[in-house]
Amino acid sequence: MSYYHKSPIITRASIDSIFEVIDKSMSLYRRDSKISSFNLSSNNQINLDPHMQKVLKKSFQVNKESKGLFDITVKPLVSLWGFGPEKTVGIPDSSSILQTLQLVGMNKLKMSANKLIKMTPGMQIDLNGIAQGYTVDVLADFLKSKAVKSFIVEVGGEIRAEGYKPGKESYKVLLQRPEQALGVKESIVELKNMAITTSGSYEKYRTVKNYRFSHHMDPTTGYPLKSNIISVSVISKKAMDADAYDNVFMAMKPLDAIAFANKKNKMDIYLIYLDEGVVKEAYSKGFKKYLISN
């Protein structure tokens, strides 16, 4: 995080305290977190804190708008395919996949007032596909509450920038370029009061007997997503929105993803994808205005 102000008014302790509160809410790596409590087989409901409540509300919205492509209940599938903390060798058999699919589907969750309820015992949720973006927005709101008008915040590759640097210089971000896209030129985007996130099949993957698959799961089939999209970058006002939707676009065909972004008209996307073995690029209609080199 970097910011410009006439005096150093943001302390490391204040930022750490924000991370601590959010981690105690939604971190899968903490046994004492709210989400870890919900994921226990003995628990069928929890009382929600304000942070998790906001993230879940957005998760249900994106799940509906994406017709189920965004799904926070895929955690059992992620673990089954070897991307959880448990050591997994090989590929799961079809019966294990079908059995695990019974625990997947946001229609099996109910959010009532400040409670989250499992309609099917044994369900588990994973908010990593949206929580980092949300954290960026919380930090941005904190900085704005302290009258900081120029800053850039980054958490786990999710970025949001506000205002200008001294001399009216805008914040610039180099788009991530995966190894598979060596033929694609580097691109830099200019962020003016916007957020950007990037998701890709190259981030987490396993290879078993020449079968390479990523951590992105198809909640309808129980298998890793088969997509020719290598990576997608999403620009939106809020980092939480961009973070959630980059998962959605990864699950789409390139032309469908572009059409969806153009129709939604609240975010812009940049795709790198494979077309019969050839690496190609595609943009939504508004993305080019952010590009300053390509």
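Residues numbered from 1 in each chain as written. Predicted model: local features only at pLDDT ≥ 70, side-chain atom pairs only at ≥ 80, totals over all residues. Heavy atoms only, no water.

Caption draft 1: Structural detail: the packing of aromatic side chains. Overall, the coordinates contain eight aromatic pairs when judged by the stated rule. Judged by centre distance (5.8 Å) and plane angle (75°), the ring pair of Phe249 and Phe260 falls under edge-to-face. Within this pair, whereas Phe249 is found in helix α7 (residues 239–250), its partner Phe260 is found in helix α8 (residues 254–264), the two being separated by eleven residues in sequence. The same class applies to Phe249 as to Phe260, namely buried. Each member of the aromatic cluster is reached from another via a ring pair, and the members are Tyr270, Tyr283, Phe287 and Tyr290. The residue whose ring lies beneath Lys118 is Phe38, and the NZ or CZ to ring-centre distance is 4.9 Å. (Phe/Tyr/Trp six-rings, centres within 6.5 Å; stacked < 30°, edge-to-face > 60°. Helix = DSSP H or I, 4+ residues; strand = E, 2+ residues; numbered from the N terminus. Buried < 20%, exposed > 50% of the residue type's maximum accessible area, 1.4 Å probe, protein only. Lys NZ or Arg CZ within 6 Å of the ring centre and 35° of its normal.)

Caption draft 2: Structural view of the packing of helix α1 (residues 12–26) against helix α3 (residues 50–65). Following both chains from N to C, one finds α1 and α3 inclined at 65°, their axes separated by 9 Å at the closest point. Judged by the twist between their axes, the crossing of α1 over α3 is right-handed. Between α1 and α3, the contacting residues are Val21, Ile22, Ser25 and Met26 on the first element and His51, Met52 and Val55 on the second. Here the contact of α1 with α3 is built from residues that sort into five nonpolar, two polar and no charged. (Axes fitted to C-alpha atoms, helices over the stretch in contact; angles between N-to-C directions. Left-handed = near helix turned anticlockwise from the far one by under 90°. Contact = heavy atoms within 4.5 Å. Nonpolar A, V, L, I, M, F, W, Y, C, P; charged D, E, K, R; others polar.)

Caption draft 3: Layout of helix α6 (residues 128–145). For α6, which comprises 18 residues, the first-to-last C-alpha distance of 26 Å matches the rise-based estimate of 26 Å (1.5 Å per residue) to within 8%. Taken together, the buried positions of α6 are occupied by Ile130, Ala131, Gly133, Tyr134, Thr135, Val136, Asp137, Val138, Leu139, Ala140, Phe142 and Leu143. Its buried side turned inward, α6 meets α1, α3, β5 (150–155), β6 (158–162) and α7. (Expected span 1.5 Å × (residues − 1).)

Caption draft 4: Molecular detail of the sheet that holds strand β2 (residues 45–47). If you trace the three strands from one edge of the open sheet to the other, you get β2-β4-β3, paired in antiparallel fashion. The open sheet has two free edges, formed respectively by β2 and β3 (109–112), since each of these has just one partner strand. Taking the axes of each pair of neighbouring strands and ignoring which way they run, one obtains an average angle of 15° across the sheet. Where β2 lies against strand β4 (residues 115–118), three bridges are found, and the strand directions are antiparallel. Following the sheet pairing, Asn47 is matched in β4 by Lys115. Along the sheet, α3 makes contact with β2, β3 and β4, crossing β3 at roughly 125°. (Pairing = 2+ DSSP bridges.)

Caption draft 5: Examining unusual backbone geometry more closely. Even without being a glycine, Lys168 presents a positive backbone phi close to 60°. Mapped onto the elements, Lys168 comes out in the loop between β6 and β7 (171–174). At Asn265, a position not held by glycine, the phi torsion is positive, near 60°. Following the sequence through the fold, Asn265 ends up in the loop between α8 and β13 (267–275).

Caption draft 6: Representation of the nonpolar core within the structure. Within the largest apolar cluster, 56 residues are counted, with the highest numbers of intra-cluster contacts made by Leu127, Phe249, Ile269 and Leu271. The greatest single-element share of this core, amounting to nine residues, is contributed by α6. Contact partners of Leu271, with chain neighbours within four places excluded, come to Ile229, Ser231, Val232, Pro254, Ala257, Ile258, Lys280, Glu281 and Ala282. By size, the runner-up hydrophobic cluster in this structure holds 18 residues, among which are Ile159, Leu175, Ile230 and Phe287. (Core = buried A, V, L, I, M, F, W, Y, C linked by side-chain atoms within 4.5 Å.)

Caption draft 7: Local environment of the pattern of salt bridges. This structure, assessed with the given rule, holds eleven salt bridges. Lys264 is the partner of Glu65 in a salt bridge, and the nearest nitrogen-oxygen pair spans 2.9 Å. Of this pair, Glu65 sits in helix α3 while Lys264 sits in helix α8, and the two are 199 residues apart along the sequence. Judged by relative accessible area, which is 31%, Glu65 ranks as partly exposed. Its salt-bridge partner being Glu162, residue Arg160 comes within 3.2 Å of it at the nearest N-O pair. Across the pair, Glu162 and Arg160 agree in class, each one buried. Each of Glu20, Arg30 and Asp32 takes part in a single network of salt bridges with overlapping partners. (Salt bridge = Lys/Arg side-chain N within 4 Å of Asp/Glu carboxyl O.)

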